[in-house]
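# Structural description and commentary
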Amino acid sequence: MTLTGSTLANSRMLGTRFERCVCDQADFQDCLLYDADFRHCDLTYARFDGVLGNRDYVAEAHGLVFGMNGVQFQGADLTYASFRGAKIAADFTGAELLEVDFTGADLTGSRMLERDALRVELTEEQRQMICWVKEPVHEHA
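Residues numbered from 1 in each chain as written. Predicted model: local features only at pLDDT ≥ 70, side-chain atom pairs only at ≥ 80, totals over all residues. Heavy atoms only, no water.

## Here we look at the pattern of salt bridges
Pairing between side chains of opposite charge can happen when the charged atoms of each approach one another. Counted by the stated rule, this structure contains ten salt bridges. A salt bridge links Asp-91 to Arg-111; the shortest N-O distance between them is 3.3 Å. Placement of the pair is Asp-91 in strand E6 (residues 90–91) and Arg-111 in strand E7 (residues 111–113), with a sequence separation of 20 residues. On the accessibility criterion, Arg-111 (34% relative accessible area) is partly exposed. Here the residues in one salt-bridge network are Arg-115, Asp-116, Arg-119 and Glu-135, joined through shared partners. (Salt bridge = Lys/Arg side-chain N within 4 Å of Asp/Glu carboxyl O. Helix = DSSP H or I, 4+ residues; strand = E, 2+ residues; numbered from the N terminus. Buried < 20%, exposed > 50% of the residue type's maximum accessible area, 1.4 Å probe, protein only.)

Next comes the structure, spelled out in structure tokens:
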């Protein structure tokens, strides 16, 4: 699916699957993203400013599905994407994070690969919010 340049701002996306979509230059500003899946998407120059994408711990405690995984960006291309002022718990492991703008973002509960610790421009406070994970080891037979 191609959503290049689409405006989806101010939407409520609960359990929405965009996996492998082309969403470059898409506008997701001020969206509510619970359990949204952007794995392996092209999100170059996408705008996620002001989004709320936290895990819903209350719903999880009551066995509801939405919010269980936060927002998933594994393997996505987020080159030049913007998350200014976002409050997002996302899995960014394996994502391309070149020149991503996290200015003023609350990344509490997010995951990134340790290799990205020095590649991504973050404040010290933001670095403390993130769970830094090791790159998976692939064993050869």
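Structure shown, so let's carry the discussion forward.
## Notes on the side chain of Ser-110
Note on placement: Ser-110 falls in the loop between E6 and E7. In terms of polar contacts, Ser-110 uses its side chain to reach the backbone amide nitrogen of Ala-90, at 3.0 Å. For Ser-110, the residues in contact, after removing those within four places along its chain, are Ile-88, Ala-89, Ala-90, Phe-92, Met-129, Ile-130 and Cys-131. (Polar contact = N/O pair within 3.5 Å; in protein donor to acceptor, adjacent residues only side chain to side chain. Contact = heavy atoms within 4.5 Å.)

## Examining a nonpolar patch on the surface
A grouping of Tyr-45, Tyr-80 and Leu-98 is seen on the molecular surface, where their side chains present a nonpolar patch of about 310 Å² in accessible area. Considering the arrangement of structural elements, one finds Tyr-80 in the loop between strand E4 (71–72) and strand E5 (87–88). Judged by relative accessible area, which is 40%, Tyr-80 ranks as partly exposed. (Patch = residues over 30% accessible without salt bridge, like charges linked within 9 Å, V, L, I, M, F, W, Y side chains within 5 Å. Areas by Shrake-Rupley, 256 points an atom, 1.4 Å probe, with all protein chains shown as cover.)

## So, the packing of aromatic side chains
Here the structure, examined in full by the defined rule, presents 14 aromatic pairs. Seen from their ring centres, Phe-28 and Phe-48 are 4.9 Å apart, and the 5° between their planes marks the pair as stacked. Residue Phe-28 is located in the loop between strand E1 (12–14) and strand E2 (32–34), and its partner Phe-48 is located in the loop between E2 and strand E3 (52–53); the two are separated by 20 residues in the primary sequence. Neither residue differs from the other here; Phe-28 and Phe-48 are each classed as buried. A centroid spacing of 4.8 Å and a plane angle of 5° characterise the contact between Phe-48 and Phe-83, whose relative ring orientation is stacked. Residue Phe-48 is found in the loop between E2 and E3, and its partner Phe-83 is found in the loop between E4 and E5; the two are separated by 35 residues along the sequence. (Phe/Tyr/Trp six-rings, centres within 6.5 Å; stacked < 30°, edge-to-face > 60°.)

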